[in-house]
Amino acid sequence: MPKIEIEEKLFSHFLGKSLEIDELESIAVAAKAEIDDYSEEEGVIKIELNDTNRPDLWSTAGLARQLSIYMTGKKYSYGFLSTARERKEHGERRVIVDTSVNSIRPYIAAFQADGKGIDDALLRDLIQSQEKLCWNFGRKRSSIAMGVYRADLIKYPVHYKAVDPVETRFIPLGEESKMNLKEILEKHPKGIEFGWIVRNFDRYPFLTDDEGKVLSFPPIINSAELGAVKTGDSSLFIEMTGTDLNSLLLAASIAACDLADAGFRIKPVMVEYPNKTPYGGNITTPYYFQKETRLDIKYAEKLLGIEISAEEAEKLVEKMGNTVRREGNSIVVIPPPYRNDFMHPVDAIEEIVIARGMESFDPVLPEDFTVGRLSRIEKLNRSVRDIMIGMGYQEMIYNYLGSKKDFVEKMNLGGNDIIEIENPMTENFEILRNSIIPNLLESESISGNALYPHRIFELGKVAVKDEGKNYGTKTKNYLSFLISDSEAGFNEVNNHLSAVFYYLSREYSLEEGEHPSFIPGRTADVIFKGKKIGIIGEIHPAVLENWGIEMPCAAGEIDLDFLID
Amino acid sequence: MMELESIVKGLHPLEIKLLLSAGPGEDITKEKLIRELSYNEGQCNQAFSWLSSKGLIEEKRRTKRISYELTELGKEYQAKGTPEERILKLIGEEGPMRLPDIANKLGLENRDVGSAYGKLSQKGLLKMDQEKKVCLAESGRGKPVDLELTRSLLDKLAETKQLTDEDLNDKEKALVSTMSRKRSSSKGVFRVIEREDVIYQLTEKGLAAKKILKREGITGEEVGSLTPEMLKDGTWKGKNFRRYNIKIPPSRVLLGRKNPYVAFLEKLKNKLTSLGFEEFDGPLVETEFWNCDALYMPQFHSARDIHDVYYVKEPTHAKEIEQPYLDQVAATHENGWKTGSKGWEYSFDRDFTRRLILRSHGTVLSAKTLTHAKIPGKYFGVVRCFRYDKVDATHLADFYQTEGIVLGEEVNLRTLLGLLKMFAEEVAMATEVKYVPGYFPFTEPSVEVHIKHPVLGWFELGGSGIFRPEVTEPLGIKVPVLAWGLGIDRMALMSLGLEDLRELFSKDIEEVRLRRERSNL
């Protein structure tokens, strides 16, 4: 969940008033925001935004807007948005998209923002919201990347195309000499960080103006010439490139609304695509594409457990900054341009909940009668647990992830059935365990100073590969137990096993078994209803040596799933 | 005084009998105890040492005491006869014989035979004939006094083990001194032991203790342990039982025990079943479909990147996803299907949805339960989940989540709040409850519940909401479904007195053995 830092002064400026920190805290629920930290000295508030579908809240302007609407009912309207029916004037401002980006990074949205000169705080906030938007909502720039440029240096139309990474050279931001695109991926910090997004393509996305001056190599880095925005710049060109058109258009609208709130005049740009998009071949951005959402009041009443009139519902949904139309016993919600989180009528219901306040809903208990019941394996586990404890065993509980070293090498096993993780974070957690015995042995290896005898067990899950299953794997419920002292041996574990079976009213038999972790001739397969369901025996001294254990150990392990009728 | 009473009650029979046997100013010695109370030497030492340390007797003076014992050789002589006795017997029975032949016959060394012959010939019992054979002397028919004296001493010592100076007359003393070496010598027949005897007397406190013993009728003859025989033959009747010192620190007991964290989870499960919830369970390896897609998390969602879940290396994909759920979920993502939603509006990847992963949250099982849930129904699970997280005090790579659902025609936001309130009060002992709007991709509306816990103060107990129709309808459920999850880790840590999540899964046997619950769930 994204966290942002807002400067109190800038925030108060957007909000039109200043709030005490606890006032802010209580009102922040309207934006599902929580205050993480507040530094009165620096005047900086750290805020966590819980709703990953509301990227409009991830900037000072956006958060202030939502809270201001909620508190004061202030109306915000933005006249620069084009729609399917109405295209706003773009003048000479055009972006021409070349077919070469189609399979790489097909979409772009852009606009120009003119004002009285951007100040420090606003520039910092613009950069922060750009980062949050592109990192969290734009999947680390892969689906959305944003660039800001000095519009006064740009000669329209801007050209968006894919170019040869070796032949194309420019001076990237933060460098002093020209580099080709390949070098940027290899050497520039941003190239190293974001290079994965484009590396596998033959050609890389590239933005120039009509005179060939370089804007940027999206989604990696701006040019040092046009892409270095400083305090005082009064005319900005803002573009976003990406792979998902709706996300991109939304992100462009959010940025435009934020800058408009800061006093900039937003000037639309027409993007000319070589092919048709869901919104036509030419899209003038910022572009409003959100659909209406119709909410039947009866549905709202059912889901909320309250009675509410269409009129009340209308007022409440409006209170959150939406435009609402009443149609009989339904309301139709028209979301603001910076929101695209209305997918279903339930999303409108949430607006009612937040606007009305959670505390206005009286908790009641569900009245339906239902029977509580433990799962079958839990019931069996409890029976087995009682027996093991009665025999003097200490129950253990372990993590299910482990290393090949512990579960394969130290056990003298081949590890063919073990489930490996493709993307382990460390080698300590690279496999899902297929047996509990290695966990028990690890306990022994670090517990040599614990008073003997040791009797330990765990009831838990393991998983193995199993080609016959739909998932190619099978999760099993195991009982594993281990004894360790100078006399620990086969007979004792067999005695204990037989007690377990006796009190579960089940019968088992033993057959001579072989297992690389156990001593030959002192190992047995546990047979239940003609199937091998486990193993008991004395742990092989070579295995004990691998674990650094200097006390004999005997152990047993059975698959309890077989015992469930 | 109380102190003395309690000392007296803790006295051992050996101490009690000693105290009772001694009068004021009367000497107490080992000898006396051996003689009168039939103590052995070890028992004497124990009684002296215990009573002196309690200040009931004190040392008055020490005396030297000489005593005699048989050496190994002496024991042999006593049993087989002295060389002198044996030689006399042999010659008497077999007639004259040369010295080396005697040594051979008797298995003695020449040297010993020689010196015995010397003694016997001196006494005129044996002589040497012309052939250098030893034969009985004319005058030597009767046995001389000292041979008999030796025999009687050997026999007496063999019987009593030990004799003191006082037990011997002067002749005996003289004889013993010729045939003995001092201390531990093996060549002599007798061992002379010089010892220092300590002589004790009762102290004032000892006399007082004795009074108490008499008052209480404690004799030291009380029964130590009640035996099955005593019960069988009834000899316990009329006997008193020895009083124990109940202040002796108890010893460590190794017992079989539930793991305290498991006990915590068991109680949680008991609580939930008592509230009408049925437990669900499922595999550790899951598909992207059930882990995320069925929960209406779009496949392009940032939480679904490679670095947030663990992918299974081999096999990589499930063979198939159950129908009609696959088609219905795919359509819901793409265009909302029949749910009334516009969907996420992208092209659903049916290969990716089969990708095998380690389940990353318990809600997977809530979703799967929907396909066969009863209506009305309440379900829960305490579910092991896996996260791609750096492991530290507050993050684990695998851990438990407690999750559940409530299905029914009548469930709604208010019953959700009621349910959360019940959890807060019943499961977490909350004194205050606060509800805050939250966000989860699969619920709408979503509610976070914050509670004031009597020990932990305010914290977020869990997240919840009403499942989106995009989740329930493709899985065949037409009624509203409340979904909830509780964060019980902090309560578990608190209840076990721990501060680090890793300790919940401690491998250290001793740590687990000694761990205990601080308070009840």
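Residues numbered from 1 in each chain as written. Chains lettered and ligands numbered in written order. Predicted model: local features only at pLDDT ≥ 70, side-chain atom pairs only at ≥ 80, totals over all residues. Heavy atoms only, no water.

Draft legend 1. Quick peek at the sheet that holds strand β26 (residues 518–528) of chain A. Residue and element names in this part refer to chain A. In spatial order, the strands read β19-β23-β24-β28-β27-β26-β25; together these seven strands make up an open sheet with mixed pairing. In this open sheet, the two edge strands, each paired with only one partner strand, are β19 (394–395) and β25 (509–512). Here strand β27 (residues 531–539) pairs with strand β28 (residues 553–559) via five bridges, running antiparallel. The partner of Ile536 across the bridge, within β28, is Gly556. Seen against the sheet, helix α13 (residues 437–446) touches β23 (454–465), β24 (473–484), β26, β27 and β28 and runs at an angle of roughly 35° to β24. (Pairing = 2+ DSSP bridges. Helix = DSSP H or I, 4+ residues; strand = E, 2+ residues; numbered from the N terminus. Contact = heavy atoms within 4.5 Å. Axes fitted to C-alpha atoms, helices over the stretch in contact; angles between N-to-C directions.)

Draft legend 2. Expanded view of the side chain of A:Asp559. All names here are of chain A. Here Asp559 is to be found in strand β28. One buried charged residue, Asp559, forms no salt bridge at all, with the nearest opposite charge on Lys476 at 4.2 Å. Discounting chain neighbours no more than four positions away, the residues touching Asp559 are Lys476, Asn477, Tyr478 and Ile533. (Buried < 20%, exposed > 50% of the residue type's maximum accessible area, 1.4 Å probe, protein only. Lys, Arg positive; Asp, Glu negative; His and termini not counted. Salt bridge = Lys/Arg side-chain N within 4 Å of Asp/Glu carboxyl O.)

Draft legend 3. Spotlight on the domain arrangement of chain A. Per the domain assignment, the segments of chain A are domain 1 (3–72), domain 2 (94–285), domain 3 (293–357) and domain 4 (376–563). One C-alpha centre belongs to domain 2 of chain A, the other to domain 4 of chain A, and the line joining them spans 58 Å. (Domains from an automatic or database assignment.)

Draft legend 4. Structural detail: the sheet that holds strand β2 (residues 97–98) of chain B. Residues and elements named next belong to chain B. Spatially, β2-β4-β3 is the arrangement adopted by the three strands of the open sheet, whose pairing is antiparallel. The sheet is open, and its two edges are formed by β2 and β3 (126–128), each paired on a single side. Here two bridges tie β2 to strand β4 (residues 133–136), and the two strands are oriented antiparallel to one another. Pairing of Arg98 across the sheet is with Lys133, part of β4. Most of the contacts of helix α6 (residues 83–94) go to β4, to which it runs at about 90°, and overall it touches β2, β3 and β4.

Draft legend 5. Representation of the pattern of salt bridges. What the rule picks out here adds up to 75 salt bridges over all chains. One salt bridge in this structure joins A:Arg65 and A:Asp258, with 2.8 Å as the shortest N-O distance. One end of the pair, A:Arg65, is in helix α3 (residues 60–72); the other, A:Asp258, is in helix α7 (residues 245–261), with 193 residues separating them in the sequence. A:Lys291 serves as the salt-bridge partner of B:Glu345, at 3.1 Å between the closest nitrogen and oxygen. Within this pair, whereas B:Glu345 is found in the loop between α15 (325–335) and β10 (356–358), its partner A:Lys291 is found in the loop between β15 (280–285) and β16 (293–296), the two belonging to separate chains. With relative accessibility at 46%, the residue A:Lys291 sits in the partly exposed group. Residues participating in the shared-partner salt-bridge network are A:Glu378, A:Arg382, A:Arg385, A:Glu395, B:Lys258, B:Glu266, B:Lys269 and B:Glu279.

Draft legend 6. Broad picture of the state of the cysteines. Scanning the entire structure with this criterion turns up zero disulfides over all chains. Distance from the sulfur of A:Cys257, which forms no disulfide, to the nearest cysteine sulfur (A:Cys134) is 16 Å. Residue classification places A:Cys257 among the buried positions, given a relative accessible area of 0%. For B:Cys385, which is in no disulfide, the shortest distance to another cysteine sulfur is to B:Cys292 and amounts to 12 Å. (Disulfide = S-S within 2.5 Å.)

Draft legend 7. Inspection of the pairing of strand β1 (residues 57–70) of chain B at higher detail. All names here are of chain B. Of the strand pairs in this sheet, β1 and strand β7 (residues 190–202) are connected by 13 bridges, and their pairing is antiparallel. What sits directly across from Lys64, in β7, is Glu196. Here two bridges tie β1 to strand β5 (residues 163–164), and the two strands are oriented antiparallel to one another. From the neighbouring strand, Ser67 faces β5, where its bridge partner is Thr164.

Draft legend 8. Main features of the interface of chain A and chain B. Each partner contributes to the interface: chain A provides 92 residues, whereas chain B provides 105 residues. When chain A packs against chain B, close to 8,700 Å² is buried across both sides, 57% of that on carbon and sulfur atoms. Considering only the surface of chain A that becomes buried against chain B, A:Met343, A:Ile397 and A:Tyr471 emerge as the three largest contributors, covering 10% of it. Viewed at the interface, chain B and chain A are joined by 11 salt bridges. Its salt-bridge partner being A:Lys302, residue B:Glu409 comes within 3.0 Å of it at the nearest N-O pair. The tally of links between chain A and chain B comes to 51 residue pairs in polar contact (both at pLDDT 80 or more). For the side of chain A that touches chain B, the elements supplying multiple residues, two or more each, are α8 (297–304), α10 (345–356), α11 (376–390), β19, β21 (419–420), α13, β23 and β24 of chain A. (Buried area = accessible area lost by both parts, 1.4 Å probe. Polar contact = N/O pair within 3.5 Å; in protein donor to acceptor, adjacent residues only side chain to side chain.)

Draft legend 9. Structural context of the packing of α11(A) against helix α13 (residues 260–274) of chain B. Where α11(A) contacts α13(B), the two axes come as close as 13 Å, and the packing angle between them is 135°. One finds that α11(A) runs oblique with respect to α13(B). Handedness of the crossing formed by α11(A) with α13(B): left-handed. Each of A:Glu378, A:Arg382 and A:Arg385 in α11(A) lies in contact with α13(B), whose residues at this interface are B:Val262, B:Glu266, B:Lys269 and B:Asn270. (Parallel < 35°, antiparallel > 145°, perpendicular 65-115°, else oblique. Left-handed = near helix turned anticlockwise from the far one by under 90°.)

Draft legend 10. Examining the packing of helix α1 (residues 8–15) of chain A against α3(A) more closely. Residues and elements named next belong to chain A. Between α1 and α3, the least distance of the axes is 8 Å, while the angle of their chain directions is 45°. Here α1 lies oblique to α3, going by the angle between them. Crossing of α1 against α3: the hand is right-handed. For the pair α1 and α3, contact is made by Leu10, Phe11, Phe14 and Leu15 and by Thr60, Ala61, Leu63, Ala64, Leu67, Ser68 and Met71, respectively. For the contact of α1 with α3, the per-class residue count stands at nine nonpolar, two polar and no charged. (Nonpolar A, V, L, I, M, F, W, Y, C, P; charged D, E, K, R; others polar.)

Draft legend 11. Highlighting the pairing of strand β11 (residues 377–386) of chain B. Residue and element names in this part refer to chain B. Of all 10 residues in β11, 10 are buried, a share of seventy percent or more. Burial along β11 is two-sided: the residues Gly377, Tyr379, Gly381, Val383 and Cys385 and Lys378, Phe380, Val382, Arg384 and Phe386 are all buried. Sheet topology places β11 next to strand β12 (residues 398–407); 10 bridges connect them, and they run antiparallel. What sits directly across from Lys378, in β12, is Val406.

Draft legend 12. Molecular detail of the nonpolar core. By size, the foremost hydrophobic cluster in this structure holds 211 residues, and its most contacted members are A:Ile47, A:Phe237, A:Leu432 and B:Tyr261. Considering each element in turn, this core owes the most residues, 11 residues, to α7(A). If you look at the next biggest cluster of nonpolar residues, it comprises 30 residues, including A:Leu380, A:Ile387, A:Val493 and A:Ala499. (Core = buried A, V, L, I, M, F, W, Y, C linked by side-chain atoms within 4.5 Å.)

Draft legend 13. Quick peek at α8(A). Residues and elements named next belong to chain A. When α8 is considered as a whole, its buried residues turn out to be Ile297, Ala300, Leu303 and Leu304. Buried residues in α8, looked at end-on, bunch into an arc of 130°, giving them a common side. Structurally, the start of α8 carries an N-cap: the backbone nitrogen of Lys298 is 2.9 Å from a side-chain oxygen of Asp296. The first or second residue beyond α8 is Gly305, which carries a positive phi of 70°. (Arc of directions from axis to C-beta.)

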